[in-house]
Amino acid sequence: MQIHFTNSLASASGCLCAMVPRDLPGLHNRFPMHADARNRPFQSIQTRPPALWGTLPASVVLGAQWGDEGKGKAIDQLAPHSDWAVRFQGGNNAGHTIVVGETTLKMHLLPSGITSRGCKLVLGCGMVIDPWVLDRELVEWAELTGERPEGERLFISERAAVILPFHRLYDSADKLVGTTGRGIGPAYRDRTERVGLRFVDVGKVAGNPDAVNSMSDRMNKQLDTVGVQDRIEPEQLQSELNWILERYSEAIQSTGPMLDDALSRGENVLLEGAQGAMLDIDQGTYPFVTSSVTCRANATHGAGIHPGHIDQCFGITKAYTTRVGNGPFPTELSLEEGPGKQMSVVGHEFGTTTGRPRRTGWLDLVALKESQRLNGYSGLVLTKLDVLGGLDPLKVCVSYELDGNRIDHIPASTDDLSRCQPVYEEHPGFPSLDVDEWIEMAAESRSGEGIASLPQTIRDYISLIEDHTGIPVVSVGVGPDRMASIASSGGPFDVDLSEATF
Ligand code: IMP
């Protein structure tokens, strides 16, 4: 069954890999060539010899921007080579779309690695999990594939926090951040206040009417403080807790030790990030952030294993920028006209979770460099490059101007960030192609030298990103189809894309 994803991976000091572009037939000839292009080497800073990729057990895939970068598709390519796929933070504020044959599934909690039958799945201890949303996804998955993975290959950390109806109600009062309204922040807040409910404790609370009463009482007082009229009835809460217990008893496991054992057996673990670096609670554009640490530092912690296991960390970035919810966005464009509208319309930039239109803007390399400082990417996956087709010139933000001074970092103050003006470098555009033409170009490039075989204007855009960030681009996405990807030759994403995973 063919599956593909929509939606919504060195150091610079290594030697340069210089590849001279080959003459490829067909579509490549439609791309404008600079006078000296045919003799100019592709300045990819891809430095690691292929043999090094994938030799250590744990890999991380992270959103390098404000979320929705297309992590699912990258994970889809890596999961067949992984024994485990693990979510380590967030909850159903995340979203990815899986197309299986004629059917489209919108997933929010189940790890993207679910599409690889051989991949075991963990919802890690760093997550906040809505049991009802998980149930819906599992039912849809079973209807489509006949598989019931819970307790068989899907395990929920006993330490993960439970999202209850109260958390959703409380989140609905948010007026500042523009949250997804899924109860994520309130569930993390309860956890930090040490009054939250973990899966391991559901049975204990459900069996104790006093504990249920005191929990509903606390919840109702809190709803009062934010002006929400709905009330949590103790009887209802108790029956919900009993349902959670019954529904997930086999899946709730001690997943940290489970993963540690797997790693000691030499199995590979893929750690799937949700949201993006700029939405990190500590390092993002606070307060317009999510409530968890979305960065590499939390990838192992939120899975219950130690950071020494991580070998490689891939950052996923769109070829432009999007953001949903409120908060400063220096390279933001109008959604009503011009390049911003094209990004929105061609890129189908609507939130998978809430359906809200995503705000769009030019690629922000200041944010990407900040993201690199936090995560130390081994490689970048550049997604949705096709969306920029036909825009000329392309702009890329290389620094900000704040009160007359050039800066190349994201200021901690939201007020300061709101005043930052982007400083752009301009780059010649490349033509707009239709979906099939992009797939054809991807196939042509894959049969050549991978990314190095792409047309010059595209390679120049990629080189610009590599030069500014110091990170090699290891894969480029030019459409939602699984075949619409081109990897760096011999790199970690140089995998057989036709491999049906389910
Ligand atoms: P919360 O995570 O629902 O609390 O929302 C906090 C902020 O993060 C809001 O601006 C959301 O729009 C944003 N956000 C949360 N999850 C995602 C995501 O998966 N992609 C993009 N933005 C997100």
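Shown above is the structure to which this text applies.
Everything in this summary refers to the structure shown in the same document.

1. A word on the site of the ligand
Around the ligand sit 16 residues, and of these Asp-68, Asn-93, Thr-180, Thr-290 and Arg-356 come closest. The contact in question runs from an oxygen atom of the ligand to an N or O atom on the side chain of Thr-290, over 2.6 Å. Contact between the ligand and Arg-356: an oxygen atom at 3.0 Å from a side-chain N or O atom of the residue. Classifying every residue of the shell around the ligand gives 6 nonpolar, 8 polar and 2 charged. Looking at which domains feed residues into the shell around the ligand, each of domain 2 (162-248) and domain 3 (314-487) supplies at least three.

2. Overview of the state of the cysteines
One pass over the structure, following the stated rule, counts 0 disulfides. Distance from the sulfur of Cys-295, which forms no disulfide, to the nearest cysteine sulfur (Cys-313) is 8.8 Å. No disulfide involves Cys-420; its sulfur sits 8.9 Å from the nearest other cysteine sulfur, which is in Cys-397. Taking the relative accessible area as the measure of exposure, Cys-420 reaches 3% and is therefore buried.

3. As for the side chain of Arg-482
Relative to the assigned elements, Arg-482 resides in the loop between strand E22 (473-477) and strand E23 (485-487). On the accessibility criterion, Arg-482 (4% relative accessible area) is buried. Polar side-chain contacts of Arg-482 include one of 2.8 Å to the side chain of Asp-76.

4. Observations concerning the sheet that holds strand E4 (residues 58-63)
Spatially, the 10 strands line up as an open sheet ordered E12-E10-E8-E5-E13-E4-E14-E18-E22-E23, and their pairing is mixed. Both edges of this open sheet fall to strand E12 (252-253) and E23, since each of them pairs with a single strand only. Where strand E14 (residues 310-318) and strand E18 (residues 379-383) come together, 5 bridges link them in parallel fashion. Bridge pairing in E18 places Ile-316 opposite Val-381. Where helix H1 (residues 71-78) meets the sheet, its contacts fall on E4, strand E13 (269-272), E14, E22 and E23, and the angle it forms with E4 comes to roughly 160°.

5. Description of helix H14 (residues 456-469)
The terminal C-alpha atoms of H14, which comprises 14 residues, lie 20 Å apart, in line with the 20 Å expected from a rise of 1.5 Å per residue. Those residues of H14 not exposed but buried are Gln-456, Thr-457, Ile-458, Arg-459, Asp-460, Tyr-461, Ile-462, Ser-463, Leu-464, Ile-465, Glu-466 and Thr-469. Two residues or fewer after H14 comes Gly-470, characterised by a positive phi angle close to 75°.

6. A few points about the packing of helix H2 (residues 131-145) against helix H7 (residues 234-248)
Relative to each other, H2 and H7 sit at 40°, their axes nearing to 11 Å. Between H2 and H7, the angle falls in the class oblique. In terms of crossing hand, the pair formed by H2 and H7 is left-handed. Between H2, through Pro-131, Trp-132, Leu-134, Asp-135 and Leu-138, and H7, the contact on the second element is made entirely by Glu-240, Trp-243, Ile-244, Arg-247 and Tyr-248.

Cut-offs used in this document
Residues numbered from 1 in each chain as written. Predicted model: local features only at pLDDT ≥ 70, side-chain atom pairs only at ≥ 80, totals over all residues. Heavy atoms only, no water. Near = heavy atom within 4 Å. Polar contact = N/O pair within 3.5 Å; in protein donor to acceptor, adjacent residues only side chain to side chain. Nonpolar A, V, L, I, M, F, W, Y, C, P; charged D, E, K, R; others polar. Domains from an automatic or database assignment. Disulfide = S-S within 2.5 Å. Buried < 20%, exposed > 50% of the residue type's maximum accessible area, 1.4 Å probe, protein only. Helix = DSSP H or I, 4+ residues; strand = E, 2+ residues; numbered from the N terminus. Pairing = 2+ DSSP bridges. Contact = heavy atoms within 4.5 Å. Axes fitted to C-alpha atoms, helices over the stretch in contact; angles between N-to-C directions. Expected span 1.5 Å × (residues − 1). Parallel < 35°, antiparallel > 145°, perpendicular 65-115°, else oblique. Left-handed = near helix turned anticlockwise from the far one by under 90°.

The analysis is restricted to geometry; functional conclusions fall outside its scope.
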